[in-house]
Amino acid sequence: MLAFTRLFMLCLLAAAPYAAVASPVAKSYHESRRSIPAGWTPVRRAEADIVLPLRIGLVQSNLHNIEAYLLDVSHPDSPNYGNHWNAAQVADTFRPSNETVDVVRSWLVADGGIDFQRISLSGNGGWLQVDMTVDEVERLLGTEYYVYENLDSGAEHIACKGGYELPGHVSKHVDFITPTLHFDVSLKSRRSSKARRRASMASSSFSPKVGNPFKDIQSGVSNCSEQLTLDCLRALYDFNYNPVATDRNTVGVVEYDPDHYVATDMDLFFSTYSKSQVGQRPKLVAVDGGVLVDYGDILESNLDTQCMMGLLGPKQEVQLYQVGDGVEFKDLSFNNFLDAIDGSYCTFEGGDDPSFDAIFPDPAPGGYKSKDCGTAKPAYVISTSYGYDEAQLTPAYVQRQCTEYAKLGLMGTTILYSSGDSGVAGNGDACLDPDGTVDYNGVIFNPTFPAGCPYITSVGGTQVDPGASVTDPESAWMVLDVFYSSGGFSNVFAIPDYQKSTVQGYLKNYPPPYSTDICNFTASRAYPDLSANANNYSIGYNGELAPVSGTSAAAPTVGAILTSINDARLAIGKGPIGFINPAIYSPFFRDAFNDITKGSNPGCGTDGFNAVPGWDPVTGLGTPNFKKLLAKWLVLP
Ligand SMILES: *[C@@H]1O[C@H](CO)[C@@H](O)[C@H](O)[C@H]1NC(C)=O
Ligand SMILES: *[C@@H]1O[C@H](CO)[C@@H](O)[C@H](O)[C@H]1NC(C)=O
Ligand SMILES: *[C@@H]1O[C@H](CO)[C@@H](O)[C@H](O)[C@H]1NC(C)=O
Ligand SMILES: *[C@@H]1O[C@H](CO)[C@@H](O)[C@H](O)[C@H]1NC(C)=O
């Protein structure tokens, strides 16, 4: 799926340092890019009189406190544990300050020569907006705009060269500055839908792997290393629960068009493993025109929905957040979904970045002619089995999105993402070069996103070893020389407090044999947080039951378990568990996981990390033991 390096607001770092021009105020690059994405080439200078509707994303208030706020409601030792915030509290707390608005607006007037009247503040205070010509913007931001052409599609895109500058006193009040949709679309020619379909598939990531269909279907727990059934998962994680608060409880899986589940495959799965669910479907929550199309991939959606619905049984409704109108999906991103479940994110922080996110309304024929902004309610548990490499996105972009996960956590939502299937490498085994560019022959570890965001829960993979039974300890998921549970350390996010002592203990007892040039482990967010089986799930696929593997399976499995814990808490008048990381890393939860101590996650020409006693960057804290976790969470307020 997700949209990689495509339609960029590209700012090429100039080869030579900027000429030191006499200037009353010291300036420096506010944002810059290292290289042009493959396939794009500059064709001409942008005409000086083109009007750019400039949008300036303002720095929010109190963001430096967000980890403390989140710990306050999520740490089991906090007196405010479980006192989640409402949306208005979140919006008020993080609204940019009047000082921020004033500083940036005064700069536009003084340095940009912009009449005060031309500048507007978005209704929610998050953005300043002003229409300016290319000529005006070039002078204001100390840069040059070019029109770039995509050699494949002929699409054109406007971008600045060499980064853009802001005076120091302004820079600290600005997240980033973007061109707008209007500007973007006026230059962009659209690909034929066939080409777009191909483009989407080429960039799909964390795709689960499927083997040959089973000839001989076994039920129960007799062959869990080869045919992982719902019974296998229940036995492995001590997970038997009859929900009682399904009228209040909510859970969702997120899928991106054109991925879609197939009803007949779902019924084949139910008729084999959970007869009472035959005919049951997830509740479709359409985001930005979300539809179940009849082209595109079915494996991911089949796996996620069958696994989660089967584990939860017939009583708990599962919501399917289906994102995308089936036409515009090349750039569908987590932000498109986040906009729909949080109207304040959509508008307050300024909506999407045309560099990375699909833009709605979609002007293409048949496209969704609206934009979903706060239209869907976030479920208490949301599981997503897609991801990026952190290095594909800019730090400003990932930080902004990561903050949104913290806000959802503040409001009581548990966000689960699968960690990835490539060990210490990124998607498709890509690694990094010393300058940070993605390189298949690189030797530097390539962390995934949003695994590196400290405000989501990252789920790695395990397996029942060949011939082992469900009572034997599992190992890290390893399909030799092919797939491994992703884990490691972020290059953007610092280590959060809640995992400091755990990860420092690991580094002390099992120091990684790598230099910090290869793996940034000294002070970075470490992942995954926990794990679950990722191997040979027996899933309905193309009319047969077939073995499907990937951390894609682990996330919905953990999602079903946590949803059942929410059910038990809601039933006795408590709230949902929300952001779980501070709890699961705390000493109180220490014995609630099955520790995984075998296996590793090679990549980038190394052996990766080993699973060891305690937390490790392969399987995290281990796999959940539902009964033990439930007992802990029932004690918490
Ligand atoms: C910020 O500005 C708004 C609108 O001008 C005003 O209503 C509000 O009182 C100001 N807040 C502070 C803290 O000065
Ligand atoms: C387990 O399942 C695999 C795959 O279907 C099959 O080849 C194998 O014979 C089964 N093993 C047993 C002991 O039934
Ligand atoms: C089950 O998983 C193992 C390890 O990944 C793999 O070697 C085996 O082929 C899988 N079984 C099937 C039936 O695909
Ligand atoms: C290492 O991670 C930290 C965040 O923990 C970041 O500030 C730093 O730039 C990273 N180093 C590299 C080489 O990516």
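Residues numbered from 1 in each chain as written. Chains lettered and ligands numbered in written order. Predicted model: local features only at pLDDT ≥ 70, side-chain atom pairs only at ≥ 80, totals over all residues. Heavy atoms only, no water.

The name an unreviewed UniProt entry assigns to the protein is tripeptidyl-peptidase II, from the organism Grifola frondosa. Of the protein, the UniProt comment under Function (unreviewed entry) reads exactly: "Secreted tripeptidyl-peptidase which degrades proteins at acidic pHs and is involved in virulence." Per UniProt, the protein carries the Catalytic activity (unreviewed entry) text "Release of an N-terminal tripeptide from a polypeptide." (UniProt positions renumbered as here; feature names shortened; annotations may be inferred.)

A. Region of interest: the site of ligand 2. Close contacts around ligand 2 come from F214, Q218, N223, E226 and Q227, and that covers them all. In the complex, 45% of the free accessible area of ligand 2, which totals 360 Å², lies under the protein chains. For the shell around ligand 2, a count of residues per class yields 1 nonpolar, 3 polar and 1 charged. (Near = heavy atom within 4 Å. Areas by Shrake-Rupley, 256 points an atom, 1.4 Å probe, with all protein chains shown as cover. Nonpolar A, V, L, I, M, F, W, Y, C, P; charged D, E, K, R; others polar.)

B. Layout of helix α4 (residues 134-141). Burial within α4 is extensive, with 6 of its 8 residues counted as buried. Phi turns positive one or two residues past the end of α4, at G142, with a value near 60 degrees. (Buried < 20%, exposed > 50% of the residue type's maximum accessible area, 1.4 Å probe, protein only. Helix = DSSP H or I, 4+ residues; strand = E, 2+ residues; numbered from the N terminus.)

C. Main features of the environment of P450. Following the sequence through the fold, P450 ends up in the loop between β20 (448-449) and β21 (457-463). For P450, the residues in contact, after removing those within four places along its chain, are F334, Y405, Y417 and I456. (Contact = heavy atoms within 4.5 Å.)

D. Fine view of the side chain of T305. The topology assignment puts T305 in helix α10 (residues 299-312). From its side chain, T305 meets the backbone oxygen of N302 in a polar contact 3.3 Å long. (Polar contact = N/O pair within 3.5 Å; in protein donor to acceptor, adjacent residues only side chain to side chain.)

E. Main features of the packing of helix α11 (residues 334-341) against helix α13 (residues 395-410). Put simply, α11 and α13 touch, their axes get as near as 11 Å, and they point 35 degrees apart. Taken as a pair, α11 and α13 cross one another with a handedness that is left-handed. Residues F334, N335, L338 and I341 of α11 touch α13, and the partners they reach there are Y397, R400, Q401, E404, Y405 and L408. The residue inventory of the contact of α11 with α13, partitioned by class, reads 6 nonpolar, 2 polar and 2 charged. (Axes fitted to C-alpha atoms, helices over the stretch in contact; angles between N-to-C directions. Left-handed = near helix turned anticlockwise from the far one by under 90°.)

F. Representation of the pattern of salt bridges within the structure. This structure, assessed with the given rule, holds 14 salt bridges. Among the salt bridges present, the one from E138 reaches R45, with a minimum N-O distance of 2.8 Å. Separated by 93 residues along the polypeptide, E138 in helix α4 and R45 in strand β3 (residues 40-45) bring together distant segments of the chain. In this structure, D529 engages R525 in a salt bridge whose closest nitrogen and oxygen atoms are separated by 2.8 Å. Connected through shared salt-bridge partners, R45, E138 and E144 make up one network. (Salt bridge = Lys/Arg side-chain N within 4 Å of Asp/Glu carboxyl O.)

G. View of the packing of aromatic side chains. Counted under the stated rule, the structure contains 28 aromatic pairs. Centre to centre, the rings of W85 and F94 are 6.3 Å apart; their planes meet at 20 degrees, and the pair counts as stacked. Accessibility assignment for this pair places W85 and F94 in one class, buried. Ring geometry for Y498 against Y585: centres 5.4 Å apart, planes inclined by 45 degrees, an arrangement best described as tilted. Of the two residues, Y498 sits in helix α14 (residues 497-509) while Y585 sits in the loop between α16 (581-584) and β30 (593-594), which places them 87 residues apart along the sequence. With a relative accessible area of 7%, Y498 lands in the buried category. Three or more aromatic residues joined by ring pairs form one cluster here, namely Y256, F334, Y386, Y388, Y405 and Y417. Taking the ring centre of Y146 as reference, the NZ or CZ of R45 above it sits at 5.5 Å. Above the plane of the ring of F588 lies K632, whose end atom (NZ or CZ) is 4.8 Å from the centre. (Phe/Tyr/Trp six-rings, centres within 6.5 Å; stacked < 30°, edge-to-face > 60°. Lys NZ or Arg CZ within 6 Å of the ring centre and 35° of its normal.)

H. Focus on the pairing of strand β17 (residues 414-418). Taken across its 5 residues, β17 has 5 buried, putting it largely inside the fold. Residues of β17 alternate between two faces, with T414, L416 and S418 on one and I415 and Y417 on the opposite face, all of them buried. The sheet contact formed by strand β15 (residues 381-384) and β17 spans 4 bridges and is parallel. Note that in β17 the partner of I382 across the bridge is I415. By the bridge criterion, 3 bridges tie β17 to β21 in an arrangement that is parallel. By the bridge assignment, L416 is partnered in β21 with T457. (Pairing = 2+ DSSP bridges.)

I. View of the state of the cysteines. The full count for this structure, using the stated rule, is 3 disulfides. Each sulfur in the disulfide pair C402 and C453 lies 2.1 Å from the other. Its torsion about the S-S bond being 80 degrees, the disulfide of C402 and C453 is classed as right-handed. Of this pair, C402 sits in helix α13 while C453 sits in the loop between β20 and β21, and the two are 51 residues apart along the sequence. The burial state of C402 is the same as that of C453; both residues are buried. Bridging C431 to C604, the disulfide has an S-S length of 2.1 Å. Here C431 and C604 share a disulfide; its torsion about the S-S bond, -100 degrees, makes the bridge left-handed. Highlighted residues: C431 in strand β18 (residues 431-432) and C604 in the loop between β30 and β31 (623-624), separated in sequence by 173 residues. Residue class for C604 comes out buried when judged on its relative accessible area of 9%. (Disulfide = S-S within 2.5 Å.)

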